Each structure stands twice: as structure tokens, then as C-alpha cells.
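# Understanding the architecture of this molecule
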Amino acid sequence: MIQGVRLVILGRQGAGKGTQCVRLSNHYVVPHISTGDMLRAAVREGTPLGVMAGEIMNAGGLVPDDIMVGIVDERLKRPDALKRGFILDGFPRTVGQAESLGGLLVPTPLDLVIDLDVPRELVLERISSRRVCRDCGANYAAARNDPSVRICDRCGGDVVQRDDDTPEAVNKRLDLYDSQTTPLINFYNAQGLLAVINGVGHPDHVLDRLVAAIDAAAERR
Ligand code: AMP
């Protein structure tokens, strides 16, 4: 089996990136580094970074490149990432970040950049049907166009649709994702590092496709 990998994963919200990152992280025994998770932790802890990032995140903007590159640089220098590799999720978000990442990774470049591809209509449907318990955060899938509020099986709380999961809000986020990510996809494609992987189907089958592409790339290095 391949020991350790250095990956970037791109994919629309709702493409199943979170699920697959956890599985890949277990499979290759490498840390899953999500910049969104790191920023949300900083917000919860109320650090100076968190206060600044929280405002930007709430406004739907991007945290400046130099700050993001600093955070990722520090994280990639930790022993687990140095020794085993990493799965980067949410970074890079801009071509500037991608160029800086290239500099941080000298002399051992990325093995692969994966675009986990799920058609826009499908992620829209998945996210629009997502319901969450207001009290304990448990996730549910609503039947199509089901407006009813249900009761959480786990804690008895109200199961509702998040304000930012309405079709209008999701469409806006998907537009933003496409406009941000297209230049990155072109950047990595030009370097021969990009693999587009079909993210539709059972999560086990998606994982099989990912592992096949990653193993092939790691064997070529
Ligand atoms: P995510 O969980 O990846 O969707 O990230 C949540 C939010 O954190 C984003 O909407 C941005 O405001 C911020 N963020 C996460 N990663 C980055 C990044 N690489 N560059 C700039 N902002 C980021």
C-alpha cells in the first residue's frame, strides 16, 4: 500500500468532500487539513485571527492570502504532515495561494489535485433537502419539497432547514465557488496535476475511484 500522500481536494459544497476527506485521511494515514475548520476553531476560541476571520466569513468573503498562507505553512511544518503528507481541503482558494503553496512544498511537490465532481443540480438537490436539529445539530434529509418541521430522534429538538440552505442562498454560494475555482482548476490542469473524479454514487464507490487515481499518481512519483 502507498505510504503517505500530498493532496489537494477541490469540490462544490455538497459534493461529499468532507466525507471522502475523512475516509482518505484514514486510508492513507495522513492529516486532513481543512482551513475552514481551522478558521471556525479560531472564531470559537476568540483569538485575534478568529475575530478578524469571523467578520470576513460572515460577509461571505475570503480571508487575505498572506494570512491563509501563514496558517497553512505553520500547519504543514508539524511532524505528522512532514512525515506522512496531508490532504488539503479549502486551500488553496486562489491562484495566489496555489503559487505560494508550490513554494512551501519545495522540494516535494503535490502528488495530485482532485476535483470531486458532482453536477450542480445534484448538489443543489442534496443541500436543499438537508435539515438539521436546532439543538443537537443532527443531520436529516427531507423528502422533496417537504416543508414540515420534524422532531429530532436523538434529542427531541426541532428539525429545521438552515437559513443558508435555501435554494437561493445555495445557488449564490455555488456561483461564487465556480468563479473562484475555475482559475485554480486551469492552473493545476496546466501543470498536469489535476484529476477529475466522478463524485456521484455510493460513497464506497467514490472512495474506490479516488484511491485508484491517488495510488496511480503516487506510483508515478
Ligand atoms: P469552508 O469551510 O472551506 O467553506 O470555509 C469557510 C470560510 O472560511 C470561507 O467562506 C472563507 O471565508 C474562509 N476560508 C476558508 N479557507 C480559505 C482560504 N483558503 N482562503 C480564504 N478564505 C478561506
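Below is a short write-up of the structure. For clarity, every value in this text was computed on a predicted model and none was experimentally measured. (Residues numbered from 1 in each chain as written. Predicted model: local features only at pLDDT ≥ 70, side-chain atom pairs only at ≥ 80, totals over all residues. Heavy atoms only, no water.)

### Here's the deal with helix α2 (residues 35-45)
Spelled out, the test is: Only protein chains enter the accessibility calculation, which uses a 1.4 Å probe; a residue is then buried when its area is under 20% of its type maximum, exposed when over 50%, and partly exposed in between. Under the DSSP-based scheme used, a helix requires at least four consecutive residues in state H or I and a strand at least two consecutive residues in state E, with every element numbered from the N terminus. Only heavy atoms matter for contacts: two residues are in contact if any of them lie within 4.5 Å across the pair.
For α2, the set of buried residues is Thr 35, Gly 36, Leu 39, Ala 41 and Ala 42. On its buried face, α2 sits against β2 (32-34), α3 (48-58), α4 (65-76) and β3 (86-89). Phi for Gly 46, located one or two positions after α2, is positive at around 70 degrees.

### Brief notes about the packing of aromatic side chains
Stated formally: Aromatic rings from Phe, Tyr and Trp, with only the six-membered ring used for Trp, were paired whenever their centres fell within 6.5 Å, and each pair was classed as stacked if the ring planes differed by under 30 degrees, edge-to-face if by over 60, and tilted otherwise.
All chains considered together, the criterion is met by 1 aromatic pair. Aromatic pair Phe 187 and Tyr 188: ring centres 5.1 Å apart, planes at 80 degrees, arrangement edge-to-face. Across this residue pair, the class does not change: Phe 187 and Tyr 188 are buried.

### A short note on the side chain of Asp 115
The residue Asp 115 is located in strand β4 (residues 112-117) in this model. Each residue touching Asp 115, except ones within four places of it in the same chain, is listed here: Leu 10, Gly 11, Ile 185, Leu 194, Ala 195, Val 196 and Ile 197.

### Considering the sheet that holds β2
Selection criterion: Paired strands are those between which DSSP finds at least two bridges. To obtain an axis, a line is fitted to C-alpha atoms, over the contacting stretch when the element is a helix, and the angle between two such axes runs from 0 to 180 degrees between their N-to-C directions.
The strand order across the open sheet formed by 5 strands is β2-β3-β1-β4-β9, and the pairing between neighbours is parallel. Each edge of the open sheet is held by one strand with a lone partner, namely β2 and β9 (194-198). For this sheet, the mean inter-axis angle between neighbouring strands, taken without regard to orientation, is 25 degrees. When strand β1 (residues 6-11) meets β4, the two strands line up parallel, connected through 5 bridges. Directly across from Gly 11, in β4, lies its bridge partner Leu 116.

### Things to note about the packing of α2 against α3
To be explicit about the condition: Each crossing gets its handedness from the near helix: less than a right angle anticlockwise from the far helix is left-handed, clockwise is right-handed.
Relative orientation of the contacting elements α2 and α3 amounts to 115 degrees, with a least axis distance of 7 Å. Here α2 runs over α3; the crossing is left-handed. Contacts between α2 and α3 pair Gly 36, Leu 39, Arg 40, Ala 42 and Val 43 from the former with Leu 49, Gly 50, Ala 53, Gly 54 and Met 57 from the latter.

### Considerations on the nonpolar core
To be explicit about the condition: Remark: nonpolar core denotes a set of buried residues (Ala, Val, Leu, Ile, Met, Phe, Trp, Tyr, Cys) joined through side-chain atoms within 4.5 Å.
Judged by nonpolar contacts, the single largest core of 28 residues is most densely connected at Leu 76, Leu 88, Leu 101, Leu 110, Val 113 and Tyr 188. Listing elements by their share of this core, those giving two or more residues are β1, α3, α4, β3, α6 (95-104) and α8 (167-190). Once you skip the residues sitting within four places of it in the chain, Leu 110 turns out to touch Arg 6, Leu 7, Val 8, Phe 86, Leu 101, Leu 105, Tyr 188 and Leu 193. Formed by 21 residues, the second largest nonpolar core is a distinct cluster that contains Leu 7, Leu 112, Leu 116 and Ala 217.

### Observations concerning unusual backbone geometry
Phe 91 connects to Pro 92 through a cis peptide bond whose omega is -5 degrees. For Pro 92, the position within the fold is in the loop between β3 and α6. With an omega of 10 degrees, the peptide bond running from Val 106 to Pro 107 counts as cis. Positionally, Pro 107 belongs in the loop between α6 and β4. Even without glycine at this site, Val 29 takes up a positive phi of about 55 degrees. Examined against the element boundaries, Val 29 turns out to sit in the loop between α1 (17-28) and β2.

### A closer look at the site of the ligand
Just so we agree on the cut-off: Here a residue counts as near a molecule or strand whenever at least one of its heavy atoms sits within 4 Å of it. Polar contact is defined as a pair of N or O atoms within 3.5 Å, subject to the rule that within protein one atom must be able to donate a hydrogen and the other to accept it, and that residues adjacent in sequence are counted only when both atoms are side-chain atoms. Working definition of accessibility: Shrake-Rupley area with a 1.4 Å probe, residue cover restricted to the visible protein chains.
Inspection of the region around the ligand gives 13 residues, with Thr 35, Arg 40, Gly 61, Gly 90 and Gln 97 positioned closest. One of the backbone nitrogen or oxygen atoms of Val 63 is found 3.1 Å away from a nitrogen atom of the ligand. The side chain of Arg 93 places a nitrogen or oxygen atom 3.2 Å from an oxygen atom of the ligand. For the ligand, the protein covers 81% of the area, taking 480 Å² as the surface of the free molecule. Considering each element in turn, the shell around the ligand owes the most residues, 4 residues, to α2.

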